[in-house]
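Examination of the molecular architecture
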Amino acid sequence: MEKKKFGIWKILLIILILLLILGIVLLIRPIKNFNIIKDLQEKMTTHVNSTNYHIKSVQKELNGVIITQDYYHKDNKRGLFTETSDSGEISKLLLYNNGERTDMFIETSGEKSVKLDTGMPINMPLYNGLEMNNKWQTFLACFSAEIEEIEYDGKSCYSIKGVFSPDVMYGVEENGSYIEKDTGLEIFHLMDGVETKKMYEFDNVEDSIFVEPNIGEYKLIREE
């Protein structure tokens, strides 16, 4: 009888050890992912409060349309210049904000028009695409995360999939990001087949960027 009880306890102990080993194995990947994401978050925070930066993004739509955006931010001034290329036709939307008002310049099909003081906000913040509400939420997200080291555009990056931040819009199918190791900045984003490449510059935006085109060359759009 004593041998039988000892045998049962031995089996239970083996099961417990196996479960413990399994638990440790299952935690290895999320812990590794958590440390990577935490490191990238910390690096990104050094840029979030920048008041002088330029973001260039090139987005390729599924229908072949290419949208190029240049956003300039210096203190209270903003500039957002969008160029859309569709089957060889190029149109431009230029937004200037001098800290007091936003003027909009439109160039399309050989026509130029301008609307003054649109009241339109211009903002493309340096957001942390991996930011979560707290560390516990970050750790839970790391269970579904797929992270691997890659080279992209000559830079050492992490390819990250399956991490869903409340600050980022996601599609219903394929989603993923390439994030630069050294900066924590997202330099490539994929959402349902739409690819967006991003480039960044800091502390070199000059006031000349915010000088508006000659209004006399544009047709004035008046409020009705």
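Residues numbered from 1 in each chain as written. Predicted model: local features only at pLDDT ≥ 70, side-chain atom pairs only at ≥ 80, totals over all residues. Heavy atoms only, no water.

With that out of the way, let us pick up the pattern of salt bridges. All chains considered together, the criterion is met by 10 salt bridges. Where Glu-42 meets Lys-38, a salt bridge forms, and the shortest distance between an N and an O atom there is 3.4 Å. Of this pair, Glu-42 and Lys-38 both sit in helix 1 (residues 2-48), 4 residues apart, which is roughly one turn of that helix. When the shortest N-O distance is used, the salt bridge between Arg-101 and Asp-103 registers 3.0 Å. With relative accessibility at 34%, the residue Arg-101 sits in the partly exposed group. On the basis of relative accessible area, Asp-103 is assigned to the buried category, the value being 0%. Each of Lys-74, Lys-77 and Asp-207 takes part in a single network of salt bridges with overlapping partners. (Salt bridge = Lys/Arg side-chain N within 4 Å of Asp/Glu carboxyl O. Helix = DSSP H or I, 4+ residues; strand = E, 2+ residues; numbered from the N terminus. Buried < 20%, exposed > 50% of the residue type's maximum accessible area, 1.4 Å probe, protein only.)

Alignment of strand 7 (residues 146-152) against strand 8 (residues 155-161), held across 7 bridges, turns out to be antiparallel. Counted as the bridge partner of Ile-150 is Cys-157 from strand 8. In textbook terms, the turn of a hairpin is the stretch between consecutive antiparallel strands, and for strand 7 and strand 8 this stretch comprises 2 residues, one of which, Asp-153, has a positive phi near 55 degrees. Bridging between strand 8 and strand 9 (residues 175-180) involves 4 bridges; their strand directions are antiparallel. Within strand 9, the residue paired with Ser-159 across the bridge is Tyr-178. (Pairing = 2+ DSSP bridges.)

Another point: the nonpolar core. Counting residues in each nonpolar core, the largest one holds 14 residues, and the members touching the most others are Ile-37, Leu-40, Leu-130, Tyr-158, Ile-160, Val-163 and Ile-179. Among the secondary structure elements, those contributing two or more residues to this core are helix 1, helix 2 (135-141) and strand 8. In terms of residue count, helix 1 provides more of this core than any other element does, 4 residues in total. Look past the residues within four positions of Tyr-158 in its chain and what remains in contact with it is Ile-36, Leu-40, Ile-147, Glu-148, Glu-149, Ser-177, Tyr-178, Ile-179 and Lys-181. Counting residues in each nonpolar core, the second largest holds 11 residues, with Leu-95, Met-124, Leu-126 and Leu-185 among its members. (Core = buried A, V, L, I, M, F, W, Y, C linked by side-chain atoms within 4.5 Å. Contact = heavy atoms within 4.5 Å.)

The side chains of a regular strand alternate between the sheet's two faces. Bridging between strand 1 (residues 52-60) and strand 2 (residues 66-74) involves 9 bridges; their strand directions are antiparallel. Residue pairing for strand 2: Ser-57 is matched across the bridge by Gln-69. Between the end of strand 1 and the start of strand 2, which pair antiparallel, lie 5 residues, with Gly-64 showing a positive phi angle near 95 degrees. Summarising the sheet, strand 2 and strand 3 (residues 77-86) pair through 9 bridges and their orientation is antiparallel. Paired with Thr-68 across the two strands is Glu-83, which belongs to strand 3.

Taken in spatial order, the 12 strands line up as 7-8-9-10-11-1-2-3-4-5-6-12 in an open sheet, and their pairing is mixed. The two strands at the open ends of the sheet, each matched to only one other strand, are strand 7 and strand 12 (219-220).

Another aspect to go through is a nonpolar patch on the surface. A surface patch of nonpolar side chains, about 350 Å² in accessible area, is lined by Trp-136, Leu-140 and Phe-143. Here Trp-136 shows up in helix 2. (Patch = residues over 30% accessible without salt bridge, like charges linked within 9 Å, V, L, I, M, F, W, Y side chains within 5 Å. Areas by Shrake-Rupley, 256 points an atom, 1.4 Å probe, with all protein chains shown as cover.)

The next point concerns the packing of aromatic side chains. All told, the structure shown has 12 aromatic pairs when counted by the stated rule. Measuring from centroid to centroid gives 5.9 Å for Phe-34 and Phe-139, while their planes differ by 80 degrees, and the two rings are edge-to-face. Here Phe-139 lies in helix 2 and Phe-34 lies in helix 1, a separation of 105 residues in the sequence. Residue classification places Phe-139 among the buried positions, given a relative accessible area of 17%. Through pairs of rings, three or more aromatic residues link up here, namely Tyr-72, Phe-81, Tyr-96, Phe-105 and Tyr-218. Taking NZ or CZ as reference, Lys-112 lies 5.3 Å from the ring centre of Tyr-218, over its face. Over the face of the ring belonging to Tyr-158 we find Lys-181, whose NZ or CZ atom lies 5.1 Å from the ring centre. (Phe/Tyr/Trp six-rings, centres within 6.5 Å; stacked < 30°, edge-to-face > 60°. Lys NZ or Arg CZ within 6 Å of the ring centre and 35° of its normal.)

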